[in-house]
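Coordinate inspection notes
Residues per chain, in single letters:
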Amino acid sequence: MAGAEGDDSLYPIAVLIDELRNEDVQLRLNSIKKLSTIALALEVERTRTELLPFLTDTIYDEDEVLLALAEQLGSFTVLVGGPEFVHCLLPPLESLATVEETVVRDKAVESLRKISQEHSPVDLEVHFVPLVKRLASGDWFTSRTSACGLFSVCYPHVSIMTHTFESTLITAVMHFRTLCSDDTPMVRRAASSKLGEFAKVLELDYVKSDIIPLFTALASDEQDSVRLLAVESGVSIATLLPQEDLEDLVMPTLRQAAEDKSWRVRYMVADKFSELQKAVGPEITKNDLVPAFQNLLKDCEAEVRTAAANKVKVFCESLPEDSRETIIMTHILPCVKELVSDTNQHVKSALASVIMGLSTILGKDNTVEHLLPLFLVQLKDEYPEVRLNIISNLDCVNEVIGIRQLSQSLLPAIVELAEDAKWRVRLAIIEYMPLLAGQLGVEFFDEKLNSLCMAWLIDHVYAIREAATCNLMKLVEKFGAEWAQNTIVPKVLGMANDSNYLHRMTTLFCINALSEVCGQEITTKHMLPVVLKMSTDQVANVRFNVARCLQKIGPVLDSSALQAEVKPVLEKLATDQDMDVKYFALDAISVLSLCTSCVAEMGHCGQLFSDVPACLSRIMQRQLC
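Calculation notes
Residues numbered from 1 in each chain as written. Predicted model: local features only at pLDDT ≥ 70, side-chain atom pairs only at ≥ 80, totals over all residues. Heavy atoms only, no water. Helix = DSSP H or I, 4+ residues; strand = E, 2+ residues; numbered from the N terminus. Buried < 20%, exposed > 50% of the residue type's maximum accessible area, 1.4 Å probe, protein only. Contact = heavy atoms within 4.5 Å. Areas by Shrake-Rupley, 256 points an atom, 1.4 Å probe, with all protein chains shown as cover. Core = buried A, V, L, I, M, F, W, Y, C linked by side-chain atoms within 4.5 Å. Domains from an automatic or database assignment. Axes fitted to C-alpha atoms, helices over the stretch in contact; angles between N-to-C directions. Parallel < 35°, antiparallel > 145°, perpendicular 65-115°, else oblique. Nonpolar A, V, L, I, M, F, W, Y, C, P; charged D, E, K, R; others polar. Left-handed = near helix turned anticlockwise from the far one by under 90°. Expected span 1.5 Å × (residues − 1). Bend = angle between axes of the 7 residues up to and from the residue. Phe/Tyr/Trp six-rings, centres within 6.5 Å; stacked < 30°, edge-to-face > 60°. Lys NZ or Arg CZ within 6 Å of the ring centre and 35° of its normal.

**What about the overall build of the protein?**
- A count of helices and strands for the protein gives 38 helices and 0 strands.
- For the protein, with 625 residues in total, the buried portion stands at 53%.
- The contacts in the protein between residues at least 6 apart in sequence include a share of 68% that link residues at least 24 apart.
- Carbon and sulfur atoms make up 51% of the accessible area of the protein, which amounts to about 28400 Å² in all.

**Side note on the nonpolar core**
- Judged by nonpolar contacts, the single largest core of 207 residues is most densely connected at Phe151, Ile237, Val312, Ile355, Trp456 and Leu550.
- If you tally residues by element for this core, the top one is helix H28 (residues 423-440), at 10 residues.
- Looking at which domains feed residues into this core, each of domain 1 (262-418) and domain 2 (488-594) supplies at least three.
- Those residues in contact with leucine 550 that sit more than four places away from it in its chain are Leu528, Val531, Leu532, Val566, Val569, Leu570 and Leu592.

**Topic: the packing of helix H32 (residues 481-494) against helix H34 (residues 520-533)**
- Close contact between H32 and H34 brings their axes to 11 Å; oriented N to C, the two are set at 5°. Considering their axes alone, H32 and H34 lie roughly parallel with respect to each other. Contacts between H32 and H34 involve Ala481, Gln485, Val489 and Leu493 on the former and, on the latter, Ile522, His526, Met527 and Val530.
- Its residues assigned to classes, the contact of H32 with H34 shows 6 nonpolar, 2 polar and no charged.

**So, the packing of helix H18 (residues 282-297) against helix H21 (residues 324-340)**
- Across the interface, H18 lies against H21 with an axial gap of 9 Å and an inter-helix angle of 10°. As judged from the angle between their axes, H18 and H21 are roughly parallel. H21 is crossed by H18, and the crossing has left-handed handedness. Packed against H18, whose contacting residues are Lys286, Val290, Phe293, Gln294 and Leu297, the element H21 presents Ile327, His331, Ile332, Cys335 and Leu339 at the interface.

**Points about H28**
- Its 18 residues give H28 an end-to-end C-alpha distance of 25 Å, which sits within 8% of 26 Å, the value for a rise of 1.5 Å per residue.
- The largest bend in H28 is about 40°, located at methionine 433, with the proline proline 434 one to four residues further on.
- Within H28, 13 of the 18 residues are buried, which leaves the element mostly enclosed by the surrounding structure.
- Just past H28, the residue glycine 441 takes up positive phi, approximately 95°.

**Quick word on the packing of aromatic side chains**
- As enumerated under the stated definition, the model contains 12 aromatic pairs in all.
- Plain terms: the ring middles of phenylalanine 293 and phenylalanine 315 are 4.3 Å apart, the flat faces sit at 25° to each other, and that makes the pair stacked. With phenylalanine 293 in helix H18 and phenylalanine 315 in helix H20 (residues 312-317), the pair connects residues that are 22 residues apart, well separated along the chain.
- A relative accessible area of 1% places phenylalanine 315 in the buried class.
- Members of the aromatic cluster, each reached through a chain of ring pairs, are Phe151, Phe176 and Phe198.
- When the ring centre of phenylalanine 85 is taken as reference, the NZ or CZ atom of arginine 48 above it lies at 3.8 Å.

Next comes the structure, spelled out in structure tokens:
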């Protein structure tokens, strides 16, 4: 019996071995994902003595299997017996940290960083620190790359009370220095990206004496991929230094990076500019960063200008209050004026997304005199995204100069675009109208833009009429059904008498859209009579759209209106001479009759059925019929 129990206890590991050796990658992957279950079956001691050695010895699988294994091991602490035995997880993770595939190494390093927090200071010194040293001095660049991400998480937790603490820390700095000058660019790149993180866990003296020289060397590396990562680390280092040391220790290197021959490095400087500005403080910002930012806004590469343009508002907001307006007007605004007419659409779009925010910084007079002309230029830009970014931020300007001033300056440009000869331009403005209406408010909208929205309903391009219909529905959602009843619905229903049958059909399309947001009372009292009247229209296209409209609004109506008013009209249309009219009328009768059977049984189903199969399916599920 005991032998049978022993055999049973071996079964999970035997299954794992079989599945890991299977030719099917998916089966091996599934086996790895079930490691925690297998470990629970084996219990902690056998997991440590059998499962982990087996995993360490068999790390040669497909990348996706190794990735799953690296992730699983990061959560294995409890399964090996808790923090006391967490060091047992180091061997397999160390092997995974040396494989060729980058994502596997990164995941192994992530898991190592995670379990480092669960080591005691003594275990860190005995088990984890030697692992980092082995990786840092490995023959293959893969292990040395992985080591770069582990220095910052292990050395801060080594017990400061031990006599080896100082020597351990010195050794760590020495190893990291070696990695920063490694022959392989990939290793220097990893070291450059982790330099700032490592600096944060060191004492200030070590930062000044050891980290700053490494930063300077990496920022001058022959590989631009190393230099650009040094920029981010430089920003982190700048936050650690006292103000009096920044100018001498960090700023010369960062100024050099802002003028680097590689656009990728300059792009990184532009992308991290607001963090750098916060780190160095107001004085250095005025003396060094303002000229650097000007140069980035004027950079010859569009990518750099785009990154810098994105930072215009944040940079200006963070300038010292006593000199903010002067700096903006003298140094930043001239660059912004050039970017408004930039040849690259991404630059203009980035600027358009932030330029409106300058109005709250500069105040009413400067906005009216200097910014509004720029807004007008961007409102007429050929690229829709530029126009959208301006319109979507109009509320910033509205707060500063007021709605009246805004209407006098910007609204004419919006109206001009709304009546543009190119229908795609008109379409773009329609799409922005609900956003604009929400910012300007209902009173201003009714006064200035309502007639424009109604005019789009009779545009000669179908896409415009369709978009205008959707626009009305969104406006009603913003302003409410009461506003629709007083302002929109009468004008829409008035189009039912238009001599152009296309405009009469637009009335039906609008009713389709508005019935949902206006509700039962408005639909029954105001819209339904017009639809029923249009059932006798001379144009067949109008009549079959009446049938479709009745089908659409039917679920919104009450049962008495369906039976007394809608059904007779549909039955008459079902005998129409035109085949399309007859087809859509019969289809509407089918759907609405099903809905009526629900109404008779339940009072009102409250559902909106688009076709007969869906309706039948819903009824069968509810066992109503």
